[in-house]
Amino acid sequence: MSGHSAHILAEDLHDEHMKRISRRNMLSQASWLGTTVAVGLPLVASAAEPSPNKTTKPRLKIVVTGGHPGDPEYGCGGTIARYADLGHEVVLLYLNKGEWTDKPSRDPGPIRVAEATKACEILNARPAFAGQIDGKAVVDQAHYEQFHRLLEAEKPGVVFTHWPIDNHADHRAMSLLVYEAWLRMGRKFALYYYEVSNGEDTVQFTPTHYVDISDTGPRKRLACYAHASQAPDKFYALQEMVARMRGIESGCKQAEGYIRHVQSPDFALPMVS
Ligand SMILES: [Zn+2]
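Quick caveat: nothing in here was measured; it's all calculated off a predicted structure. (Residues numbered from 1 in each chain as written. Predicted model: local features only at pLDDT ≥ 70, side-chain atom pairs only at ≥ 80, totals over all residues. Heavy atoms only, no water.)

Asks: Requested: an account of the packing of aromatic side chains, with residues and values cited.
Replies: Summed over the entire model, instances satisfying the criterion amount to eight aromatic pairs. Seen in terms of ring centroids, Y83 and F160 are 6.1 Å apart; in terms of plane orientation they differ by 65°. Their pairing is edge-to-face. One end of the pair, Y83, is in helix 2 (residues 71-85); the other, F160, is in strand 4 (residues 158-162), with 77 residues separating them in the sequence. What makes Y83 buried here is its relative accessible area of 1%. The buried category is assigned to F160, whose relative accessible area is 1%. Taken together, a centroid distance of 5.3 Å and an interplanar angle of 35° make the contact between Y94 and F129 tilted. With Y94 in strand 2 (residues 89-96) and F129 in strand 3 (residues 126-132), the pair connects residues that are 35 residues apart, well separated along the chain. With relative accessibility at 0%, the residue Y94 sits in the buried group. Using a relative accessible area of 23% as the deciding quantity, one classes F129 as partly exposed. Ring-pair connections join several aromatic residues into one group, and the members of that group are Y83, F160, Y192 and Y258. (Phe/Tyr/Trp six-rings, centres within 6.5 Å; stacked < 30°, edge-to-face > 60°. Helix = DSSP H or I, 4+ residues; strand = E, 2+ residues; numbered from the N terminus. Buried < 20%, exposed > 50% of the residue type's maximum accessible area, 1.4 Å probe, protein only.)

Asks: Outline the pairing of strand 4, listing residues and values.
Replies: Judged by how many residues are buried, strand 4 sits mostly within the fold: five of five residues are covered. Note: strand 1 (residues 61-66) against strand 4, three bridges, orientation parallel. The partner of I62 across the bridge, within strand 4, is V158. Here strand 4 pairs with strand 5 (residues 190-194) via five bridges, running parallel. Across the sheet, the residue bridging to V158 is A190, located in strand 5. Handedness of the strand 4-helix 5 (residues 169-184)-strand 5 crossover: right-handed. (Pairing = 2+ DSSP bridges. Right-handed = clockwise from strand over helix to strand, strands pointing away.)

Asks: Before we move on, could you go through helix 2 and cite the residues and values that matter?
Replies: An ideal rise of 1.5 Å per residue puts 21 Å on 15 residues; helix 2 measures up with 20 Å between its terminal C-alpha atoms. Of all the bends in helix 2, the largest measures some 80° and sits at G77. With 15 of 15 residues buried, helix 2 is to be regarded as a mostly interior element. (Expected span 1.5 Å × (residues − 1). Bend = angle between axes of the 7 residues up to and from the residue.)

Asks: Tell me what's going on with the coordination of the zinc ion, and back it up with residues and numbers.
Replies: Only H68 (ND1), D71 (OD), D71 (OD) and H171 (NE2) from the protein reach the zinc ion as donors, at distances of 2.0 to 2.7 Å. What the four donor atoms of the zinc ion show is an angle range of 52 to 141° at the metal, which sorts the shape as irregular. Sequence spacing of the donors to the zinc ion: H-x2-D-x99-H. Linking D71 in helix 2 with H171 in helix 5, this pair joins segments that are 100 residues apart in sequence. The class for D71 is buried, based on a relative accessible area of 9%. According to the relative accessible area criterion, H171 is buried, its value standing at 1%. (Donors = N, O, S within 2.8 Å, 3.2 Å for Na, K, Ca; no water. Tetrahedral: all angles 85-135°; square planar, octahedral: opposite > 155°, others 65-115°.)

Asks: Lay out the sheet that holds strand 4 in plain terms, naming residues and giving numbers.
Replies: Taken together, seven strands build an open sheet; the order of strands is 3-2-1-4-5-7-6 and the sheet is mixed. Of all the strands in the sheet, just strand 3 and strand 6 (209-212) have a single pairing partner and so form its edges. Strand after strand, the sheet turns through a mean of 30° between neighbouring axes, direction not considered. (Axes fitted to C-alpha atoms, helices over the stretch in contact; angles between N-to-C directions.)

Asks: Pulling in residues and values, what's your account of the packing of helix 4 (residues 141-154) against helix 5?
Replies: Their axes nearest at 9 Å, the elements helix 4 and helix 5 cross at an angle of 65°. Judged by the angle between their axes, helix 4 and helix 5 are roughly perpendicular. The two elements helix 4 and helix 5 meet at a crossing, and its hand is right-handed. Within the contact between the two elements, helix 4 uses Q141, H143, Y144, E145, F147, H148 and L151 and helix 5 uses M174, L176, L177, V178, E180, A181 and R184. Considering only residue class, the contact of helix 4 with helix 5 consists of eight nonpolar, three polar and three charged. (Parallel < 35°, antiparallel > 145°, perpendicular 65-115°, else oblique. Left-handed = near helix turned anticlockwise from the far one by under 90°. Contact = heavy atoms within 4.5 Å. Nonpolar A, V, L, I, M, F, W, Y, C, P; charged D, E, K, R; others polar.)

Asks: Which residues make up the environment of K97, and what are the values?
Replies: Here K97 lies in the loop between strand 2 and helix 3 (109-123). Once you skip the residues sitting within four places of it in the chain, K97 turns out to touch P69, G109, R112, V113, F129 and Q132.

Structure, rendered in structure tokens:
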């Protein structure tokens, strides 16, 4: 799919940018980890605009992990945009660069990295890569250690990863690598699981938490379509169906569903409205 012109993208981004500015102004009086609780849902985590007269308000560091470029965007793109709009720092950490080592002459890796970079720009996030190979994920002691060091260096407050019951081995690998790092880091960051390409990849997923992405859905769509080499017409249509269903479940137009690990700290999801 290649019909998404840069011109349209720029216009859409401009509109989104203006919306974000007004949204930030509206939120500027909110307090970080404030007192707002909505029917058993996590606290609002909102960061105000930096004020020259006050010490800088604490920002959350959010790491959204995925087996491949595109997974975090499809599973959590609307939530990522909400975090970014609240002034938090978001990193999209991909297990690999979507490269093909067995067909180096047709290696799509550079294209996939460029697409991920563009998607992160749209969502106001930073791309990072964990150094594994597409389709050949390794989970062993050495890789547990390597990934632990990588994640620890990011000092995350919140981490999202694949639900472990998933038909793609790279997704399962990422889920296990994150889980082991979480244990080794003393279960200190909030740990949430997300769903992507349900049925084909994620299986048996029943959310415990929802984030309303009705406002950020258009930006999520742009971020997904930035992965133009990955059949976004097909996969975005599927993910949008899921978002609409999660919206029905949680009482909004579109939502992203998450499962919080039962032993995870309970905070930090942008509140369902
Ligand atoms: Zn994937």
